[in-house]
Amino acid sequence: MTKLRIGLGVDFHQLVPERDFWLGGILVPHHKGALGHSDADVLLHAICDALLGAASLGDIGVHFPDTDQAYKNIDSKILLSRCRELIAEKGYFVVNVDASLCLQAPKIKPYVPQMQEVIAQLLGVTTEEISIKATTTEKLGFVGREEGVVAYATVLLEKQ
């Protein structure tokens, strides 16, 4: 039996005015924020799903349902920490994370190092194991119209 497991996560959130924009565990200045039951951090949610999927533990909605008021406006860093605990209970640890964001604005390049720091600390790895990239959709679709944001994450886990 192999000791390596790959997981893929994806998350989408609508962007709306008068909401904070949490992305990668940090508050990013923007005139819109992501709408959701929690703080709607699309990047952390995608990483959560990738972790859970790699360990065959379902998805974020199974563990933290949006019907449970305990998770209303919860900081997604707490969710990511809990996902790390869940995979650790099955004997897995994170090798690396590769993530891509799709958003028209704002430009996130200046915020990537801080996001890497936060995510690395939560997952118990170094920043070199956390890759975060971003792209626009060249003004096409709901992302291009700044109506929403999408995140994709791939993780590699290893069993101890």
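Now for a look at the structure at hand. Quick caveat: nothing in here was measured; it's all calculated off a predicted structure. Within every chain, residues take consecutive numbers counted from 1 along the sequence as written. Where local features are concerned, this predicted model is filtered to residues with pLDDT of at least 70; where side-chain atom pairs are given and counted, the filter is 80 or more; whole-chain, interface and lining totals use all residues. Think of the side-chain values as coming from all heavy atoms in the structure, minus any hydrogens and water.

1. Considerations on the environment of Leu-80
Using the following cut-off: Every helix listed is a DSSP run of H or I at least four residues long, and every strand listed is a run of E at least two residues long, numbered separately from the N terminus. Residue exposure (1.4 Å probe, protein chains only): buried if accessible area is under 20% of the type maximum, exposed if over 50%, otherwise partly exposed.
In this fold, Leu-80 is placed in helix α3 (residues 76-89). Looking at Leu-80, the relative accessible area reads 0%, which means it is buried. Counting along the chain gives 34 residues from Leu-80 to Ala-46, while the straight-line C-alpha distance between them is 9.7 Å.

2. Details of the pairing of strand β1 (residues 4-17)
How we decide: Here, strands pair whenever DSSP counts at least two bridges between them.
Alignment of β1 against strand β7 (residues 148-159), held across 11 bridges, turns out to be antiparallel. Residue Leu-8 lies in a different strand from β7, and its bridge partner there is Thr-154. Pairing geometry for β1 and strand β4 (residues 32-34), over three bridges, is antiparallel. Bridged to Val-16 within β4 is Gly-33.

3. Description of helix α4 (residues 112-123)
Note the following rule: Expected helix span is computed as 1.5 Å times (number of residues minus one).
Helix length check: α4, at 12 residues, gives a terminal C-alpha distance of 16 Å against a target of 16 Å (1.5 Å per residue), a fit within 8%. When we look at burial in α4, the residues that qualify are Val-112, Met-115, Gln-116, Val-118, Ile-119, Ala-120, Leu-122 and Leu-123. Just downstream of α4 lies Gly-124, where phi reads positive at about 70 degrees.

4. Observations concerning the sheet that holds β4
For clarity, the cut-off: Axes here mean lines fitted to C-alpha atoms, for a helix over just the part in contact, with angles spanning 0 to 180 degrees between N-to-C directions. Residues are treated as being in contact if the distance between any of their heavy atoms lies within 4.5 Å.
The five strands are arranged β4-β1-β7-β5-β6 in an open sheet whose pairing can be described as mixed. Each of the sheet's edge strands pairs with one partner strand only, and the pair in question is β4 and β6 (130-135). With strand direction ignored, the average angle separating the axes of adjacent strands in the sheet is 25 degrees. Across the sheet, helix α1 (residues 42-54) touches β1, β5 (92-102), β6 and β7, and the angle it forms with β1 is around 155 degrees.

5. So, the state of the cysteines
For clarity, the threshold we go by: Disulfide: a pair of cysteine sulfur atoms within 2.5 Å of each other.
All chains considered together, the criterion is met by zero disulfides. The structure places no disulfide on Cys-48, whose sulfur is separated from the nearest cysteine sulfur, that of Cys-83, by 3.6 Å. On the basis of relative accessibility, which here comes to 0%, the residue Cys-48 falls in the buried class. Its sulfur unpaired, Cys-102 is 19 Å from the next cysteine sulfur, which belongs to Cys-48. The exposure class assigned to Cys-102 is buried, which follows from its relative accessible area of 14%.

6. Details of the pattern of salt bridges
Put simply, the rule reads: We define a salt bridge as a contact between a side-chain nitrogen of Lys or Arg and a carboxyl oxygen of Asp or Glu at a distance within 4 Å.
This structure, assessed with the given rule, holds three salt bridges. Ionic pairing is found between Asp-98 and Lys-133, a salt bridge with its closest N-O pair at 2.5 Å. Of this pair, Asp-98 sits in strand β5 while Lys-133 is found in strand β6, placing the two residues 35 residues apart along the sequence. Classification of Lys-133 as partly exposed rests on a relative accessible area of 35%. With its nearest N and O atoms 2.9 Å apart, the salt bridge here joins Glu-147 to Arg-145.

7. Some points on the packing of α1 against α3
Heads up, the rule is: An angle counts as roughly parallel when it lies under 35 degrees, as roughly antiparallel when it exceeds 145, as roughly perpendicular when it falls between 65 and 115, and as oblique in every other case.
Where α1 contacts α3, the axes come no closer than 9 Å and their chain directions differ by 10 degrees. Compared by their axis directions, α1 and α3 come out roughly parallel. Here Leu-44, His-45, Ile-47, Cys-48, Leu-51 and Leu-52 of α1 lie close against α3, whose contacting residues are Ser-76, Lys-77, Leu-79, Leu-80, Cys-83, Leu-86 and Ile-87.

8. What to know about unusual backbone geometry
The amide bond that connects Ala-105 to the next residue, Pro-106, takes the cis arrangement and shows omega of 0 degrees. Among the secondary structure elements, Pro-106 is positioned in the loop between β5 and α4. Within the chain, Glu-138 stands out as a residue other than glycine whose phi angle is a positive 55 degrees. One can find Glu-138 in the loop between β6 and α5 (141-144). At Lys-139, a residue that is not glycine, the phi angle is positive and equals roughly 70 degrees. Note that Lys-139 resides in the loop between β6 and α5.

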